[in-house]
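# A look at the structure
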Amino acid sequence: MEDQDSAPALAFEKDAFELTVEDVYDISYVIGRDLLKLSSGGKEVSDLQFKIVRVLEVFEALVNQSNLSLEELKMERDNLKSEVERLLGEGPSDTQGTQTFGTDKLVIDLNDPNRPRFTLQELKDVLQERNQLKAQLLVAQEELQLYKR
């Protein structure tokens, strides 16, 4: 009998994010049992009981909503995993012109006319060379102005 009384009380020890609707019912049971012991307290205890019942109803709704959201997220994660596995399983034979997938790899459609054609380092080198040529052009233009005078 003591195990049956202590089992619902274990719900109080759980982390708030691990609570289930059944845990809320256990908490409600423990609070209800304790309130029955105080039931001879008059109107104040009765009013308190209704307030506690309302709080527990709200608590139940929040826990239920949280569990549903968690289940939706898990389903979405599983769907995404299966989609990735399906795409990985297709391989390059089904997707002509596309590089294969891998960790930290960029997927590039080789038929896309707007695809990147240079690495970031190559772009930096080209910009640096352009700036040097521009500086040389300015120097040459200044010298040309001097010769014209």
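Not measured: the values here are computed from a predicted model. (Residues numbered from 1 in each chain as written. Predicted model: local features only at pLDDT ≥ 70, side-chain atom pairs only at ≥ 80, totals over all residues. Heavy atoms only, no water.)

## What to know about the overall build of the chain
When its secondary structure is counted, the chain shows four helices and zero strands. Walking the chain from its N terminus toward its C terminus, one meets helices and strands in the order α-α-α-α. For the chain, the proportion of its 149 residues judged to be buried stands at 9%. Contacts spanning at least 24 positions in sequence make up 37% of the contacts within the chain whose residues lie at least 6 apart. Accessible surface, the chain: about 12800 Å² in total, of which carbon and sulfur atoms supply 57%. (Helix = DSSP H or I, 4+ residues; strand = E, 2+ residues; numbered from the N terminus. Buried < 20%, exposed > 50% of the residue type's maximum accessible area, 1.4 Å probe, protein only. Contact = heavy atoms within 4.5 Å. Areas by Shrake-Rupley, 256 points an atom, 1.4 Å probe, with all protein chains shown as cover.)

## Some details on the UniProt feature "coiled-coil region" (unreviewed entry) in the chain
In the numbering used here, UniProt assigns the feature "coiled-coil region" (unreviewed entry) to residues 56-90. In this annotation, residues 56-90 is assigned 100% helix and 0% strand; the end-to-end C-alpha distance for the span is 51 Å. (UniProt positions renumbered as here; feature names shortened; annotations may be inferred.)

## Concerning the confidence of the model for the chain
Looking at the chain as a whole, the pLDDT averages 77, with 84% of positions reaching at least 70. Confidence, read as mean pLDDT per element, is least for helix H1 (residues 2-9) in the chain (64) and greatest for helix H4 (residues 120-148) (85). (pLDDT = per-residue confidence, 0-100.)

## Concerning a nonpolar patch on the surface
Together, Phe118, Leu120 and Leu123 make up a nonpolar patch on the protein surface, roughly 330 Å² of accessible area in all. Residue position: Phe118 is located in the loop between helix H3 (43-94) and H4. (Patch = residues over 30% accessible without salt bridge, like charges linked within 9 Å, V, L, I, M, F, W, Y side chains within 5 Å. Salt bridge = Lys/Arg side-chain N within 4 Å of Asp/Glu carboxyl O.)

## Section: the pattern of salt bridges
Scanning the model with the defined rule gives five salt bridges in all. Across the pair Asp78 and Arg77 runs a salt bridge whose closest N-O atoms are separated by 3.3 Å.

## A few points about the environment of Leu10
By the element assignment, Leu10 lies in the loop between H1 and helix H2 (21-37). Owing to a relative accessible area of 48%, Leu10 belongs among the partly exposed residues under this scheme. Leu10 sits 16 residues away from Asp26 along the chain, and the two C-alpha atoms are 8.4 Å apart.

## Some details on H2
Between its first and last C-alpha atoms H2 spans 25 Å; for 17 residues at 1.5 Å apiece the expected length is 24 Å, and the two agree. Of all the positions in H2, only Val21, Asp23, Val24, Ile27, Val30 and Leu35 are classed as buried. (Expected span 1.5 Å × (residues − 1).)

## Observations concerning the side chain of Asp23
Turning to its location among the elements, Asp23 is positioned in helix H2. Side-chain polar atoms of Asp23 contact the backbone nitrogen of Thr20, separated by 3.0 Å. (Polar contact = N/O pair within 3.5 Å; in protein donor to acceptor, adjacent residues only side chain to side chain.)

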